[in-house]
Structure formats: C-alpha cells, structure tokens
Amino acid sequence: MTIKEFFSFRANRFFWLNLLAMPVVLTILVIATLRWLDAYTHHGEAVTVPDVKHKPVAEAQKILAADGLQSVVADSTYVKTLPPGCVLEYRPAVNQRVKRGRIVYLTVNTSNVPLVELPDVADNSSLREAEARLLAAGFKLMPNDTVPGEKDWVYGVKCEGRVLDFKEKVPQGAYLTIVVGDGLEHTEIMPETLATDSMGLQRQQQTTGAADESWF
C-alpha cells in the first residue's frame, strides 16, 4: 500500500473511522468518570449540622440520621450538673456545612463519677497551699478542723469524717475537710495533790539535810 492509499479514506476507511472515534470515546469516558465521582463523593450535597447539644445520645443520633449524617460516641467525660448520657460536645460543630454521610463524633456525659488522686498535702504544706491544690484538683472544701499543733500547718484531710490516706482516690467534686494546727500552747496543769506531795517531799529533803549537818 502506498502512502497515498494509506491516507485515502476510501482505501483505508476502517483506520480513519477508528481514529475519529477515539476522541469521542475518550470524551464519553471522562464525562462518565466525573459523574460517578460526583455521585460517590456526594459532590454539592451539603447539609447543616443540627444542634444536638445536651440532648440524650439516642435522640441526638436520630436527629443526625434524619439529616443523612452518621454519629459515633468517641469520648465521655463527667459534668455533675448535667444528666448522664447527654451530648456535651460534638465534631463537626453545629451549623457547619458538611457532606451527607459525614460521621459526627459525640462526647457524652458519663454516669460514673471519676476518681481523683488526693494531692499530697498532709504534713507537707501550709493551709493556703493545701486549699489551692485541693481546689485546683476539683474538690470542694468544708470548714477546717483544728488540732493541737503548729498554726495553719496541715496535718490531714478528711472526707465524710474519715481521715484519708496518702494519695487515696476520692470522687471528683467531693467535699473535703482540712485538719490544721490551732497554734495554741497546750500545757498540762499539775493536780493539787501531786503539787502538795512534791512540796512535802522538798521540805522533807530540806529537814533531812539539816539533821545530817547537825549530826556532824
């Protein structure tokens, strides 16, 4: 076949038909792929995250599902003033625009009060320092108890009348009582009888000493 015959549409019709069909097929494939990607990724289908804060977790999940969103409980924490099982926080947050099918991660309020290790304040700190450390740990303070000892020195910590051990774990937010020294001098008064006997013994010793001197 000559070059002229090769480029002739009549002589090589099949080649030219395939050559013309290639861009058409390529264009169709590109359009089909883009449409499939849009459908798969929900391109352009955005929803607004509803407000489910402080709602029971089951109710919050129903509200999110109604808007085409999935939900997963990812974390829990404890807030005493809120009911157990309610939603505290979630990501993405309220009013954000997200795609349908997006997972919303929930943080719920646990029903179990967490235990917190008691700070090392007994026989180790002053009253002011102990108060600051206990309040920072989330505890609440009752009026102090006093015992004989150095003024404002912490000798122990009580919870519900019981002296707590070193680094004992206590429910978060518990009411604690600090035991501090009163700074007063505590001296025992000698009984009268004991004082009288002591004075009599001294007089007897003085008399015996005088008699011994006269004997010699």
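In this report, we go over the structure that sits alongside the text.

Rules behind the numbers
Residues numbered from 1 in each chain as written. Predicted model: local features only at pLDDT ≥ 70, side-chain atom pairs only at ≥ 80, totals over all residues. Heavy atoms only, no water. Helix = DSSP H or I, 4+ residues; strand = E, 2+ residues; numbered from the N terminus. Buried < 20%, exposed > 50% of the residue type's maximum accessible area, 1.4 Å probe, protein only. Polar contact = N/O pair within 3.5 Å; in protein donor to acceptor, adjacent residues only side chain to side chain. Phe/Tyr/Trp six-rings, centres within 6.5 Å; stacked < 30°, edge-to-face > 60°. Lys NZ or Arg CZ within 6 Å of the ring centre and 35° of its normal. Contact = heavy atoms within 4.5 Å. Salt bridge = Lys/Arg side-chain N within 4 Å of Asp/Glu carboxyl O.

## A closer look at the environment of T33
With respect to the helices and strands, the residue T33 is situated in helix 2 (residues 13-41). Given the relative accessible area of 43%, T33 is considered partly exposed. Polar side-chain contacts of T33 include one of 2.8 Å to the backbone oxygen of L29.

## What to know about the packing of aromatic side chains
According to the stated counting rule, one finds 0 aromatic pairs in the structure shown. One residue, K140, lies across the ring of Y175, its end atom 6.0 Å from the ring centre.

## Side note on the environment of G85
Looking at the element boundaries, G85 is found in the loop between strand 2 (70-77) and strand 3 (87-91). For the pair formed by G85 and V108, sequence separation is 23 residues and the distance between their alpha carbons is 5.7 Å. Leaving out residues up to four positions away in the same chain, G85 has contacts with K55, P56, V57 and N109.

## With respect to the pattern of salt bridges
Oppositely charged side chains can pair when the atoms bearing their charge come close. Under the counting rule described, the total for this entry stands at 3 salt bridges. Of the charged contacts, one joins K158 and D145 as a salt bridge, the two residues approaching to 3.2 Å between their closest N and O atoms. Of this pair, K158 sits in strand 9 (residues 154-159) while D145 sits in strand 8 (residues 145-151); the two residues are 13 residues apart in sequence, bridging distant segments of the chain. A salt bridge links R162 to E168; the shortest N-O distance between them is 2.6 Å. The exposure class of R162 is partly exposed, given its relative accessible area of 43%. E168 sits in the buried class, given a relative accessible area of 18%.

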